[in-house]
Amino acid sequence: MSNSSRTPFTGPEWAAIFGIILVWGLNNAAAKLATEALPPLFMGGMRFLVALVCLIPFLRPPWPPWRQVLPLVMLAGPLHFGLVYIAFAMVHNLSPIVVALQLWIPMTALAAWLILKESMPRAAIAGMLIAFAGVVWMSLDPHGAADLPGIAIGIFASALWALATVLMRRAPGIRPLKMQGLTSLAAAPVLLAASFAFEPDVVQRAQAASPFVWSLVIFAAVASTVGATALLFWLVQRREAGRVTPWFLLTPLVSCTIGIVFMGDRITPQLVGGGLATMAGVALVALSERRAAQQASSAT
């Protein structure tokens, strides 16, 4: 039986929330380190290949209509993650790209307003403008300007993820792990084929990669693609999504801390100010969506 949405989170639920935050935060750092050693498209392809092996038990009939699902899995899989890994490979600092990738939240609200004709509260509009202004301000910092091409690719990847999220609302009901399996089934061959077609020295770089680098690939596949998704599904079965998801805005805090302490990120007041403004805008969008969902639920 589901818990009441008004009761406090239980210990296991808090553990799941902070486990997801930690895994996703670590996974951003893992992606940056892995793409320094492996070609980015190859890294993405191997991540989804490992995930596919783990998710095979969930790929059982009945199958959803492929005309509806194929655009979704292509957007959420090879297109989004291919660009994300290219962005990680291009940037020098981890923190700005991780913050910029959070723009998928306001972009999802915008896409839902444009495509699904969902309402968009004024607070969400204000939050979206603040978030974009923060990324612009952060990117114009002299130390962050070199990362601007990678940040721009990351923002485009966030737009694709936002579009995939909106398409997911139109798709027939598919359990998340099955959807992850279908996404991995599409992403692994596409990304690996693109890697061997366009990236140089794939085999040589793969052979030269250390066991630590390969452990990062496995971590991304098992801990993030499979494990964190399973925990998220368990949480939203028990609690309203609008009550759970705002906590995941803490994910960049984990990634940025790792980037500053262990990876030599150069931090300036402008980068910090732009990053804080972006996260404040994203939080405003997320909380306004939560409030709108609560109002709609109480009205029914």
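This text goes with the structure placed above it.
The structure presented is a predicted model; accordingly, all values stated were derived computationally and were not measured.

### Section: the overall build of the protein
Secondary structure summary: the protein contains 13 helices and zero strands in total. Starting at the N terminus, the α and β elements of the protein follow one another as α-α-α-α-α-α-α-α-α-α-α-α-α. Relative to its length of 300 residues, the protein is compact, with a C-alpha radius of gyration of 19 Å against a globular reference of 19 Å. By its C-alpha atoms, the protein is 60 × 55 × 40 Å across when sized along the principal axes. For the protein, long-range pairs separated by at least 24 residues make up 91% of all intrachain contacts whose partners lie at least 6 apart in sequence. By element, 71% of the accessible surface of the protein is carried by carbon and sulfur atoms, the whole surface being about 14200 Å². Treating the 18 positive side-chain charges of the protein as one cloud and the 10 negative ones as another, the clouds have centres 14 Å apart.

### Let's talk about the packing of helix α3 (residues 66-90) against helix α8 (residues 176-198)
Interaxial distance between α3 and α8 falls to 8 Å at its minimum, and their mutual angle equals 60°. It follows from the interaxial angle that α3 and α8 lie oblique. The interaxial crossing formed by α3 with α8 has right-handed handedness. Where α3 approaches α8, its residues Trp-66, Val-69, Leu-72, Val-73, Met-74, Ala-76, Gly-77, Pro-78 and Gly-82 are matched on the opposing element by Met-179, Leu-182, Thr-183, Ala-186, Ala-187, Val-190 and Leu-191. Residue composition of the contact of α3 with α8, grouped by class: 13 nonpolar, three polar and no charged.

### Here we look at the pattern of salt bridges
Scanning all chains against the criterion turns up one salt bridge. Across the pair Glu-36 and Lys-32 runs a salt bridge, and its minimum N-O distance is 3.0 Å. Placement of the pair is Glu-36 and Lys-32 together in helix α1 (residues 11-37), with a separation of four residues, close to one helical turn. Among the residues examined, Lys-32 registers a relative accessible area of 4% and is labelled buried.

### Examining the packing of aromatic side chains
Tallied over the entire structure, the rule returns eight aromatic pairs. Taking 5.3 Å as the distance between ring centres and 65° as the angle between the ring planes, the aromatic pair formed by Trp-24 and Phe-248 counts as edge-to-face. Remark: Phe-248 occurs in the loop between α11 (241-244) and α12 (251-262) and Trp-24 occurs in helix α1; sequence separation between them is 224 residues. Trp-24 sits in the partly exposed class, given a relative accessible area of 26%. An aromatic cluster is defined as three or more aromatic residues linked by ring pairs; in this entry it consists of Phe-48, Phe-81, Tyr-85 and Trp-161. Here Arg-47 stacks its cationic end above the ring of Phe-48, 5.7 Å away from the centre of that ring. The ring of Trp-63 has Lys-178 sitting right over it, with the charged end atom 5.5 Å from the ring centre.

### Here's the deal with a nonpolar patch on the surface
Residues Ile-260, Val-261, Phe-262, Ile-267, Val-272 and Leu-276 make up a contiguous nonpolar surface patch of roughly 610 Å² in combined accessible area. Among the secondary structure elements, those contributing two or more residues to the nonpolar patch are α12 and α13 (269-299). Sorting elements by how many residues they give to the nonpolar patch places α12 first, with three residues. By the secondary structure assignment, Phe-262 is in helix α12.

### Focus on the side chain of Thr-35
As for its placement among the helices and strands, Thr-35 is situated in helix α1. Within polar-contact distance, the side chain of Thr-35 engages the backbone oxygen of Ala-31 at 2.7 Å. Among the polar contacts made by the side chain of Thr-35, one reaches the main-chain carbonyl oxygen of Lys-32 at a distance of 3.1 Å. For Thr-35, the residues in contact, after removing those within four places along its chain, are Pro-40, Met-43, Tyr-85, Phe-88, Ala-89 and Arg-205.

### Focus on unusual backbone geometry
Omega for the bond connecting Pro-61 with Pro-62 falls within 30 degrees of zero, at 5°, which places this linkage in the cis form. With respect to the helices and strands, Pro-62 occurs in the loop between α2 (40-55) and α3. In the Ramachandran plot, Asp-201 falls in the positive-phi region, its phi being about 55° despite a non-glycine side chain. Note on placement: Asp-201 falls in the loop between α8 and α9 (202-208). On the basis of relative accessibility, which here comes to 48%, the residue Asp-201 falls in the partly exposed class.

### Concerning helix α5 (residues 104-115)
Taking 1.5 Å per residue as the helical rise, α5 with its twelve residues ought to reach 16 Å, and the 15 Å between its terminal C-alpha atoms agrees with that figure. By the burial criterion, the buried members of α5 are Ile-105, Pro-106, Met-107, Thr-108, Ala-109, Ala-111 and Ala-112. Positive phi appears at Lys-117, one or two residues downstream of α5, with a value of about 60°.

About the thresholds
- Residues numbered from 1 in each chain as written.
- Predicted model: local features only at pLDDT ≥ 70, side-chain atom pairs only at ≥ 80, totals over all residues.
- Heavy atoms only, no water.
- Helix = DSSP H or I, 4+ residues; strand = E, 2+ residues; numbered from the N terminus.
- Rg over C-alpha atoms; globule rule 2.2 N^0.38 Å.
- Contact = heavy atoms within 4.5 Å.
- Areas by Shrake-Rupley, 256 points an atom, 1.4 Å probe, with all protein chains shown as cover.
- Lys, Arg positive; Asp, Glu negative; His and termini not counted.
- Charge placed at Lys NZ, Arg CZ, Asp CG, Glu CD.
- Axes fitted to C-alpha atoms, helices over the stretch in contact; angles between N-to-C directions.
- Parallel < 35°, antiparallel > 145°, perpendicular 65-115°, else oblique.
- Left-handed = near helix turned anticlockwise from the far one by under 90°.
- Nonpolar A, V, L, I, M, F, W, Y, C, P; charged D, E, K, R; others polar.
- Salt bridge = Lys/Arg side-chain N within 4 Å of Asp/Glu carboxyl O.
- Buried < 20%, exposed > 50% of the residue type's maximum accessible area, 1.4 Å probe, protein only.
- Phe/Tyr/Trp six-rings, centres within 6.5 Å; stacked < 30°, edge-to-face > 60°.
- Lys NZ or Arg CZ within 6 Å of the ring centre and 35° of its normal.
- Patch = residues over 30% accessible without salt bridge, like charges linked within 9 Å, V, L, I, M, F, W, Y side chains within 5 Å.
- Polar contact = N/O pair within 3.5 Å; in protein donor to acceptor, adjacent residues only side chain to side chain.
- Expected span 1.5 Å × (residues − 1).

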